[in-house]
Amino acid sequence: MLGSAKWRNLAERTYRDYTYSVGVWVNYLLRVQVNWWDAAEDDAEEFLFRRVTDPADAERVQTNSFTRDLAGLKKFYRWMSRHPLANPFDDFDAPRAIRSEDVKWLDAGGYKRWLDLGIRGMDLSRRPDRWWRGRNEQRDVAFCDGLYGTGLRVSEWASVVLPELPPFDRRRGYYTLELADACAKGGYGHPYWVPRAVMKSLLSYGECARAAAVRRAQAAGRYERVTGLRLVLATHGSESVTFQGAHGGTETRPWNEVGPRTRLRLFRRTEQGLEPVARWLNEDGLPRDGRGWEDTFDVANERIQNLGLEHFTCTAHMLSWPISSASTTRRPSLTRGATPPTPTARYRVTAAGREFAGRVLTSDRQARDLLGDPRL
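Residues numbered from 1 in each chain as written. Predicted model: local features only at pLDDT ≥ 70, side-chain atom pairs only at ≥ 80, totals over all residues. Heavy atoms only, no water.

Describing the pairing of strand E6 (residues 266–270)
And then number 1: Looking at chain direction, strand E3 (residues 230–236) and E6 are connected through 3 bridges and run parallel. When the bridges of E6 are listed, leucine 231 appears paired with phenylalanine 267.
And then number 2: Where E6 and strand E7 (residues 273–276) come together, 4 bridges link them in antiparallel fashion. Bridging from a neighbouring strand, phenylalanine 267 pairs with proline 276 of E7. (Pairing = 2+ DSSP bridges. Helix = DSSP H or I, 4+ residues; strand = E, 2+ residues; numbered from the N terminus.)

Topic: a negative patch on the surface
And then number 1: Taken together, the side chains of Glu41, Asp42, Glu45, Asp90, Asp91 and Asp93 present a region of like negative charge at the surface.
And then number 2: Position of aspartate 91 among the secondary structure elements: in the loop between helix H4 (63–79) and helix H5 (108–119).
And then number 3: Residue aspartate 91 is classed as exposed on the basis of its relative accessible area, which comes to 62%. (Patch = residues over 30% accessible without salt bridge, like charges linked within 9 Å, V, L, I, M, F, W, Y side chains within 5 Å. Areas by Shrake-Rupley, 256 points an atom, 1.4 Å probe, with all protein chains shown as cover. Salt bridge = Lys/Arg side-chain N within 4 Å of Asp/Glu carboxyl O. Lys, Arg positive; Asp, Glu negative; His and termini not counted. Charge placed at Lys NZ, Arg CZ, Asp CG, Glu CD. Buried < 20%, exposed > 50% of the residue type's maximum accessible area, 1.4 Å probe, protein only.)

Quick notes on the sheet that holds E7
And then number 1: Here we have 5 strands laid out as an open sheet, ordered E5-E4-E3-E6-E7, and mixed in their pairing. Edge strands, defined here as strands with exactly one partner in the open sheet, are strand E5 (250–254) and E7. Taking each pair of neighbouring strands and ignoring which way they run, the sheet shows an average axis angle of 40 degrees.
And then number 2: Strands in contact with helix H9 (residues 209–219) are E6 and E7; relative to E7, the strand with the most contacts, it is inclined by about 135 degrees. (Axes fitted to C-alpha atoms, helices over the stretch in contact; angles between N-to-C directions. Contact = heavy atoms within 4.5 Å.)

What about the side chain of aspartate 129?
And then number 1: Locating aspartate 129 in the fold gives a position in the loop between H5 and helix H6 (137–150).
And then number 2: Judged by relative accessible area, which is 16%, aspartate 129 ranks as buried.
And then number 3: Within polar-contact distance, the side chain of aspartate 129 engages the side chain of arginine 303 at 3.4 Å.
And then number 4: Apart from residues lying up to four places away in sequence, aspartate 129 is in contact with Gly121, Met122, Asp123, Arg303 and Leu307. (Polar contact = N/O pair within 3.5 Å; in protein donor to acceptor, adjacent residues only side chain to side chain.)

Here's the deal with H6
And then number 1: With 14 residues, H6 extends 20 Å from end C-alpha to end C-alpha; this agrees with the ideal 20 Å at 1.5 Å per step.
And then number 2: For H6, the buried fraction is high: 12 of the 14 residues fall into the buried class.
And then number 3: Every buried residue of H6 is listed here: Arg139, Asp140, Val141, Ala142, Phe143, Cys144, Asp145, Gly146, Leu147, Tyr148, Gly149 and Thr150.
And then number 4: Phi for glycine 151, located one or two positions after H6, is positive at around 80 degrees. (Expected span 1.5 Å × (residues − 1).)

Section: the state of the cysteines
And then number 1: Tallied over the entire structure, the rule returns 0 disulfides.
And then number 2: With no disulfide partner, cysteine 144 has as its closest neighbouring cysteine sulfur the one in cysteine 314, 7.3 Å distant. (Disulfide = S-S within 2.5 Å.)

Considering the confidence of the model for the chain
And then number 1: The pLDDT averaged across the chain works out to 79; a share of 77% of its residues lies at or above 70.
And then number 2: In the model, residues 322–364 has pLDDT below 50 throughout and makes 79 contacts with residues more than four positions away in sequence or in other chains.
And then number 3: This stretch, residues 366–376, has a pLDDT under 50; its non-local contacts, to residues over four places away or in other chains, come to 31 contacts. (pLDDT = per-residue confidence, 0-100.)

Topic: the packing of H6 against helix H11 (residues 293–306)
And then number 1: The N-to-C vectors of H6 and H11 enclose an angle of 100 degrees; their axes lie 12 Å apart at closest approach. Judged by the angle between their axes, H6 and H11 are roughly perpendicular. Two secondary-structure elements touch here, H6 through Arg139, Asp140, Phe143, Cys144 and Leu147 and H11 through Trp293, Thr296 and Phe297.
And then number 2: Tallied by class, the residues present in the contact of H6 with H11 amount to 5 nonpolar, 1 polar and 2 charged. (Parallel < 35°, antiparallel > 145°, perpendicular 65-115°, else oblique. Nonpolar A, V, L, I, M, F, W, Y, C, P; charged D, E, K, R; others polar.)

Given below as structure tokens:
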């Protein structure tokens, strides 16, 4: 059933999440020796306890994660209703989420300190650590700066491709970009703003570390061996793309409808050979899966802990929250060209705020009027 067309036609993120949820449920039933077609409501109640509440389970999840599991399992059993079997989740309600007020983020100084120690390989005195052996510093700095500067989620920022980025213009303090529906959480794309410093960091990565990774991969013939490669035949600005179809022919689709998995398989042909359209690459030159960024944060936090700093960690989620009330209320003089725009400099939004920004701020002019900076 998980391989059926009906299941595969789910949105990419929903397909992945629901498939994982069904897998967790089936593995649980295997441990308690119950067939999935024989499961009853009591089994579902015990599954909830083990998954969310059981203090003996170190891998228990938050309530909102179980709510996603429940949605996937209800859909799974609903689609299997053509067979004479009971749905253990039919009258099952998700537990109410208990929201914690312990929201954590890093202010500008804390973020720079974490970046210097964990990503750039500095020592505690802010000097280069001679034992540092990091090989992807430029890429990781650009990625983290992007999260901190735009407020996007990891999966959203990781999905950005080269044609979606505008040319650099030193006169602009910020760039307005559009997040694709197919890459946004919940399927609701929206405009977002990239600070000039982040754009410069992106371009530096593209012209240095990324270009070197592409050249190594081309010399090794690595791209010709990519499974499921889709050759880009033409890009129409940042609006749409034409590429080879999976079964021959060509497809022209708006970037807004091209999901993360397809983007990882898109390549264009240059004078030097094939090149990924994806912005973020692994050291071997292949496109970097969005889930790989968790390792970047884990390694950075482990390095900081090894330096002797305890309880100084950062997650990608922490980079999407407001850094401080001062940074969002202070209004610098608009006459000083070196001063960054105020609220947008650290624009952070929750899910509701993201939808507001996407649906209300529909033009650069509206952003300028609301945020009070004519340079936007």
